[in-house]
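# Reading the structure
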Amino acid sequence: MTEEKTITTHPVLIFWVVAGWVGYCLLPWYMVEDGLWSFAWLVDGYPFDEDYAPAAFLIGQAEKLWLAPLLIPLGLPLLVLKRPKSDPLYARVLVLAGAMGFGWLIAQGFSIGIRGFNFEWLNALFGEPKIRQFGMGYGAMICASAFLFLLTQGIAARGAINGDVFVVSAIGGVIAIVTAFVFYPIANMLFSAFITEDGAYSVSVFASKFFDDRLWGLGCFGGAKCGAAWNSLFLAILVGTITTALGLCFALVVTRSGFRFKRGMRALTVLPIITPPFVIGLALILLFGLSGSVTVFFAELFGTQPTRWLYGMPGVLIAQTLAFTPIAFLVLIGVVEGVSPSMEEAAQTLRANRWQTFKTVSLPLMRPGLANAFLLGFIESMADFGNPLVLGGNFDVLSTEIFFAIVGAQYDQGRAAVLAMVLLFFTLSAFYAQRVWLGKKSYTTVSGKGDAGVHPLMPNGLAIPVLAVALTWALFTAIVYGMIIYGSLVELWGVNNSLTLKHYVTAFSVRFEEEGIRWTGAAWDSFWTTITIAAIAAPLTAAVGLVTAYLLTRQTFAGKNAFEFGTMLSFAIPGTVIGVSYILAFNVPPIEITGTGVILVVSFIFRNMPVGVRAGIASMSQLDKSLDESSLTLGANSWQTFRRVILPLLRPAILAALVYSFVRAMTAISAVIFLVSAEYDMATSYIIGRVENNDYGLAIAYSTTLIFVMLAAVGFLQILVGRVQIGRRTQLGAEKTT
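Being a predicted model, the structure only gives us computed values, none of them experimental.

Reading guide: rules and limits
Residues numbered from 1 in each chain as written. Predicted model: local features only at pLDDT ≥ 70, side-chain atom pairs only at ≥ 80, totals over all residues. Heavy atoms only, no water. Salt bridge = Lys/Arg side-chain N within 4 Å of Asp/Glu carboxyl O. Helix = DSSP H or I, 4+ residues; strand = E, 2+ residues; numbered from the N terminus. Buried < 20%, exposed > 50% of the residue type's maximum accessible area, 1.4 Å probe, protein only. Axes fitted to C-alpha atoms, helices over the stretch in contact; angles between N-to-C directions. Parallel < 35°, antiparallel > 145°, perpendicular 65-115°, else oblique. Left-handed = near helix turned anticlockwise from the far one by under 90°. Nonpolar A, V, L, I, M, F, W, Y, C, P; charged D, E, K, R; others polar. Core = buried A, V, L, I, M, F, W, Y, C linked by side-chain atoms within 4.5 Å. Contact = heavy atoms within 4.5 Å. Phe/Tyr/Trp six-rings, centres within 6.5 Å; stacked < 30°, edge-to-face > 60°. pLDDT = per-residue confidence, 0-100. Polar contact = N/O pair within 3.5 Å; in protein donor to acceptor, adjacent residues only side chain to side chain. Patch = residues over 30% accessible without salt bridge, like charges linked within 9 Å, V, L, I, M, F, W, Y side chains within 5 Å. Areas by Shrake-Rupley, 256 points an atom, 1.4 Å probe, with all protein chains shown as cover.

Another point: the pattern of salt bridges. Enumeration according to the criterion identifies 8 salt bridges in this entry. In this structure, the salt-bridge partner of E491 is K502, at a minimum N-O distance of 2.8 Å. Of this pair, E491 sits in strand 5 (residues 490-492) while K502 is found in helix 23 (residues 502-508), placing the two residues 11 residues apart along the sequence. Overall, the relative accessible area of 27% leaves E491 in the partly exposed class. Classification of K502 by relative accessible area gives partly exposed; the value is 39%. For R511, the salt bridge is made with E513, and the minimal N-O distance between the two is 3.3 Å. By relative accessible area, R511 is classed as partly exposed at 43%. For E513, a relative accessible area of 30% gives the class partly exposed.

Counted residue by residue, helix 20 (residues 398-407) has 8 buried out of 10 residues, so it is predominantly covered. Looking at helix 20, one finds that the buried residues are L398, S399, T400, E401, I402, F403, A405 and I406.

As a packed pair, helix 24 (residues 524-554) and helix 27 (residues 597-620) sit with axes 6 Å apart at the nearest point and diverge in direction by 40°. Compared by their axis directions, helix 24 and helix 27 come out oblique. Helix 24 and helix 27 meet at a crossing whose hand is right-handed. Here the residues of the contact of helix 24 with helix 27 sort into 17 nonpolar, 8 polar and 1 charged.

A cis amide bond links P589 to the next residue, P590, at an omega of 10°. Examined against the element boundaries, P590 turns out to sit in the loop between helix 26 (575-585) and helix 27. Notably, A62 is not glycine yet its phi reads approximately 60°, a positive angle. Even without being glycine, N162 reaches a positive phi, approximately 60°. With relative accessibility at 80%, the residue N162 sits in the exposed group.

This part takes up the nonpolar core. Grouped together as the largest cluster of nonpolar side chains are 187 residues, with contacts concentrated most on L284, V480, L551, Y582, F604, F606 and Y702. Sequence-distant contacts of Y582, that is, excluding residues within four places in its chain, are made with F181, P185, N587, T594, I599, V602, S603, F606 and L675.

Attention now moves to the packing of aromatic side chains. All told, the structure shown has 37 aromatic pairs when counted by the stated rule. With a centroid separation of 5.6 Å and an interplanar angle of 20°, the aromatic rings of F206 and F210 are classed as stacked. Of this pair, F206 and F210 both sit in helix 9 (residues 203-210), 4 residues apart, roughly one helical turn. According to the relative accessible area criterion, F206 is buried, its value standing at 18%. Relative accessible area serves as the criterion here: at 23%, F210 is assigned to the partly exposed category. Ring geometry for W216 versus W230: centroids 5.5 Å apart, planes at 70°, classification edge-to-face. Of the two residues, W216 sits in helix 10 (residues 213-216) while W230 sits in helix 11 (residues 228-256), which places them 14 residues apart along the sequence. Take W230: its relative accessible area is 34%, and that puts it in the partly exposed class.

Attention now moves to the confidence of the model for the protein. Scored by pLDDT, the protein comes out at a mean of 81, with 88% of its residues at no less than 70. Here helix 34 (residues 732-737) is the element of the protein with the lowest mean pLDDT, 42, and helix 4 (residues 71-75) is the one with the highest, 96. Predicted confidence for residues 726-738 stays below pLDDT 50, and this span has 31 contacts to residues more than four positions away or in other chains.

Within the secondary structure, E513 sits in strand 7 (residues 511-513). For E513, the side chain forms a polar contact with the side chain of R511, separated by 3.3 Å. Within the local environment of E513, its side chain forms a polar contact with the side chain of R518, the two groups lying 3.5 Å apart.

This next bit is on the packing of helix 17 (residues 354-365) against helix 18 (residues 367-383). Look at helix 17 against helix 18: their axes get within 5 Å of each other, and the N-to-C directions meet at 50°. The angle between the axes of helix 17 and helix 18 places the two elements in the oblique class. Contacts between helix 17 and helix 18 involve L363, P364 and L365 from the first element and R367, P368 and L370 from the second.

Attention now moves to a nonpolar patch on the surface. Taken together, V510, F512, I517, W519 and W528 make up a surface patch of nonpolar side chains, about 540 Å² in accessible area. Checked against the element boundaries, I517 lands in strand 8 (residues 516-518).

Laid out in structure tokens, this is it:
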């Protein structure tokens, strides 16, 4: 009976104790050559081969003896399995075991690398080792996770956050992965801003790069070029403002109007987010470039000379507005739908007209969504380099300057780090400005009470201009995508416009043979790799983002502001910096994943996680905390409350996180360029290779195929996730119209 009581008392503890021992005794400790997704080790010398052996077998063969001390923290939790959580010894032992095991893993991982000791003083103390250490494998990762969650259970048992194991473990888990995959690689990269040519650290080196005229020059006020910093700041403010306004227009048309073609407009709205940005740039050049069809038409009509007006800030602004409006829409659609219909009906009951209701009730309750949409548009503009690269001309921005500093002939890693710091300062300033604007007001609209209300239609004075703006932009988007499809069907874009399907055949031809289907097209390898990576990364990104949003909106703990800052950091840094920092950080132990598919998945998760965080925060701000309290009062724990109460009300946020993370994994460029390998080639890197070889037809045909694939995926996710139905009725006007 005692054993049964123990098992039911500490099931989570038993799980992590068993996991730790399994990782130590049964699974390969290191990841060698084949990577995490290969299971060749099962038939290749396991468990005695040194490359694939578990830690216990390595020690038994007198190899890697620095792993032996881990037996102590693995054994300590066994001493408290029969003790109640209220026993002070229970918490002390778990904290000691978790901290000792996790700390030793980190210490030995960074001290011993692929060439032996990483520090000279260790060589002097112990002499040069004859054996080396590879990166973490299954065993090391599971063991590290076990130690981490033993530590968090001990901290919870000491009374942290009311002893809530789920919340403390979630905070500990997010902090650990954000530190490993955001803070560590970026800090490793940024420290290079202070490194001299001989490897020493110097503040003067940083100062000389920071106070460069190319960065802060104000020559634009005298007719010359402005510095890249001011160009980036002004452009980001414009993009953030315009995309937020357009996103709100589309959200209002879809949710608060009787417009007949809402589904078509919703699909058209998200089109730009599922397109590689340089393809939008090429389409704009075909329309508005020096020889573009629109430019030539108006030049002939008015008898003027065509100009290069597109190249520079106007072209970049148009392209970024096209590319990032869907982000604002995805964030705002959930917020607009989340405003309680009963509050709007109450205002109308008090004789407020539809305009007064919208102005004084609906719009103020949308402020979290507006603030988050602006922030994401601002950050995306700052970090984007694809559009400025194609359309920037002489308009220098921070992201392209970073790119050329890294991949150009100069290869000035220090300058790239300085530019990244400036960019990070701007994005963090926008982040804190958003917090000040929102203040400490409550935006709760959804409580535990039933709501049979109906969202009122927009007032006519607002509906007409909003619909006009939305339809105009939707028409422009349709024209741009028409040019993209047209470009994939012509022989040679801009030279020979005869129609052909040869680009699609070259990329995606299939042959049926006796052995089965042979994917003979040139693009199939990168296509299947991209689909696989995106499908793995998307749900993980959404899960991490929404759990983080739950912690930020529903829990209070020390260091909460720093915690939130860490979750936004990877989004504020350009993808080029992320790519290079990942190569520098993860090319050596303890996390040796460069050249594998894992590094692509990890980069997508932490690059796109902030969208899930911001969408989740915007939606959770509208959920009354009494929902949580009622669930807890009825005996549910925090995990059950999050899973059964909060998540079902977060379907718009879940959809936004899934859609964004999936399509960005499919279309990302900047970080992918540095992280792909011969085995794991992504669609965007393949397309860029075609563009560099002037094979525009094949590049656009591939991009067009990706657009249709991702449209299908977005529709599938929409059906899978569903939508939140807060009111029980629909607008009568909308019903009659549709």
